[in-house]
Amino acid sequence: MQRHGPTVLRVCRAVLGPTAADDAWSETFLAALRAYPKLRPGSNLEAWLVTIAHRKAIDHLRAESRRAVPVGDLPEQPSTSPLPGGWESDLWAALKELPPKQRAAVAYHYLAGLPYADVADVLGGSPEAARRAGADGIAALRRTYPHTPHVRGDEGEAS
Amino acid sequence: MTTARQNSGVRDLFAVLPETDEDAQRRLHARLVAEAGRAGVLDVAYRTVDTPLGALLLAATGKGLVRVAYAREDHDAVLEQLANSISPRVLHAPARLDLAADELEEYFAGRRTGFDLPLDLRLSSGFRRTVLSHLSDIAYGSTASYAAVAAAAGNPKAVRAVGTACATNPLPVVLPCHRVIRSDGVLGQYVGGADAKHALLTLETAA
């Protein structure tokens with residue numbers, strides 16, 4: 001189970017951003033430890049962990065939207081010390097603009113490596129819908145995220 | 001086993017998001033161990049300790065030290081066995097094994113002749129367990145024959161069973177099956193290998 005720690009953290013970060021990812025990761029693995037004895041032998045551990053992480057992420061997103069209502073401008077995340085130019089500032093800014101379903105589909109398929117059939121099991125809906133959400137998410141990221149591969153690869157120098 | 005399975009077409013898109021963030025993993029793992037302990041869902045804690053005989057795997061339940069394993073037993077395989085036989089809630093939690101690690105370190109430095117640790121003998125049962133419970137009667141620096149141990153365990157004819165009990169000792173070094181040798185003085189086999197048995201007995205006679 002510990003082998004999947006880094007992947008699950010990456011997924012939590014992509015879905016929730018730097019602030020909530022740590023909590024979601026911890027909640028995911030604690031819940032997994034609780035439920036582990038009931039897991040059927042031979043189950044796909046990573047898909048199972050992503051499923052739990054998805055539920056924890058939904059809890060966080062709900063809590064965030066509840067908190068967001070009375071506050072006017074969200075304060076900049078204070079305690080996570082984002083590195084200038086690091087993923088916390090640019091990539092997360094782009095990911096944050098995606099609809100949650102697209103963000104989740106992108107993370108579970110491209111970062112956790114789950115096939116779209118499994119992504120659909122996690123998200124609900126059909127594999128085709130999951131595939132569409134993933135593809136739309138990637139397309140949107142390519143438009144909004146500044147560090148697209150062809151910029152770096154072709155020019156030799158990022159603008 | 002998990003490798004980067006990320007679709008290469010989007011790898012650059014996520015290049016800045018580290019595949020492994022060692023600092024974060026260490027921090028989160030420590031937090032998980034603490035929270036799992038409080039929640040009562042950490043059933044087996046483990047760590048390794050470096051010794052002159054290579055890395056030893058130590059594993060403990062809430063009751064005490066449950067397993068010591070040599071590298072030749074394949075630590076991953078041993079952890080898998082623990083997950084199957086005790087509980088899948090197995091976590092790397094070194095601090096829970098500090099005492100055992102300290103005592104083993106002292107033993108290998110020749111500064112300790114006996115172990116004073118809570119033990120969990122659940123991985124051994126029946127006559128094998130009876131045999132194990134008699135091993136600590138063999139004094140540091142001395143040896144006993146398989147036949148003598150069989151007699152001490154209440155079944156003088158069970159010499160071969162004593163050999164099996166030693167070969168399957170879940171707590172080698174701590175329960176000193178290395179002090180059990182053949183009646184003709186030949187050291188015989190050992191779960192850590194014949195060289196390890198020789199090294200342990202040499203350590204004990206030199207101290």
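Structure: above.
Scoring rules and cut-offs
Residues numbered from 1 in each chain as written. Chains lettered and ligands numbered in written order. Predicted model: local features only at pLDDT ≥ 70, side-chain atom pairs only at ≥ 80, totals over all residues. Heavy atoms only, no water. Phe/Tyr/Trp six-rings, centres within 6.5 Å; stacked < 30°, edge-to-face > 60°. Buried < 20%, exposed > 50% of the residue type's maximum accessible area, 1.4 Å probe, protein only. Helix = DSSP H or I, 4+ residues; strand = E, 2+ residues; numbered from the N terminus. Axes fitted to C-alpha atoms, helices over the stretch in contact; angles between N-to-C directions. Left-handed = near helix turned anticlockwise from the far one by under 90°. Contact = heavy atoms within 4.5 Å. Nonpolar A, V, L, I, M, F, W, Y, C, P; charged D, E, K, R; others polar. Arc of directions from axis to C-beta. Salt bridge = Lys/Arg side-chain N within 4 Å of Asp/Glu carboxyl O.

## So, the packing of aromatic side chains
Residue and element names in this part refer to chain B.
No. 1: Enumeration over the complete set of coordinates arrives at six aromatic pairs over all chains.
No. 2: Judged by centre distance (5.3 Å) and plane angle (80 degrees), the rings of Y107 and F108 are edge-to-face.
No. 3: Assessed through its relative accessible area of 13%, F108 is described here as buried.
No. 4: Between Y107 and Y140 the ring centres are 6.1 Å apart and the planes differ by 90 degrees, which places this aromatic pair in the edge-to-face class. Here the residue Y107 occupies a position in helix α3 (residues 98–108), and Y140 occupies one in the loop between α4 (126–135) and β5 (144–145), the gap between them amounting to 33 residues.
No. 5: Judged by relative accessible area, which is 1%, Y107 ranks as buried.
No. 6: Of the residues examined, Y140 reaches a relative accessible area of 19% and is grouped as buried.

## Quick look at the packing of helix α1 (residues 5–35) of chain A against helix α1 (residues 22–39) of chain B
No. 1: Running from N to C, α1(A) and α1(B) point in directions that differ by 30 degrees, and their axes come no closer than 9 Å. Seen along the crossing, α1(A) lies across α1(B) with a hand that is right-handed. Contacts between α1(A) and α1(B) pair G5(A), P6(A), L9(A), R13(A), D22(A), D23(A), W25(A), S26(A), F29(A), L30(A), L33(A) and R34(A) from the former with A24(B), Q25(B), R27(B), L28(B), H29(B), R31(B), L32(B), E35(B), A36(B) and A39(B) from the latter.
No. 2: Here the residues of the contact of α1(A) with α1(B) sort into 11 nonpolar, four polar and seven charged.

## Side note on helix α2 (residues 75–85) of chain B
For an α-helix, the turn length of 3.6 residues means that residues three or four places apart are oriented alike.
Residues and elements named next belong to chain B.
No. 1: Three or more residues of α2 are buried, namely H75, V78, L79, L82 and A83. Projected down its long axis, α2 shows its buried positions confined to an angular sector of 140 degrees, all on one face. Residues D76 and N84 are exposed on α2 and point more than 90 degrees away from its buried face.
No. 2: Among the structural elements, β1 (44–51), β2 (54–60), β3 (65–70) and β4 (90–92) are those in contact with the buried residues of α2.

## Some remarks on the pattern of salt bridges
No. 1: Per the stated rule, a full pass over the model turns up 13 salt bridges over all chains.
No. 2: The residue R31(B) makes a salt bridge to D23(A) at a minimum N-O spacing of 2.8 Å. Taken together, the residues span two chains, with R31(B) in helix α1 and D23(A) in helix α1.
No. 3: Note that E73(B) and R67(B) form a salt bridge whose closest N and O atoms lie 2.8 Å from each other. Each member of the pair, E73(B) as well as R67(B), carries the same accessibility label: buried.

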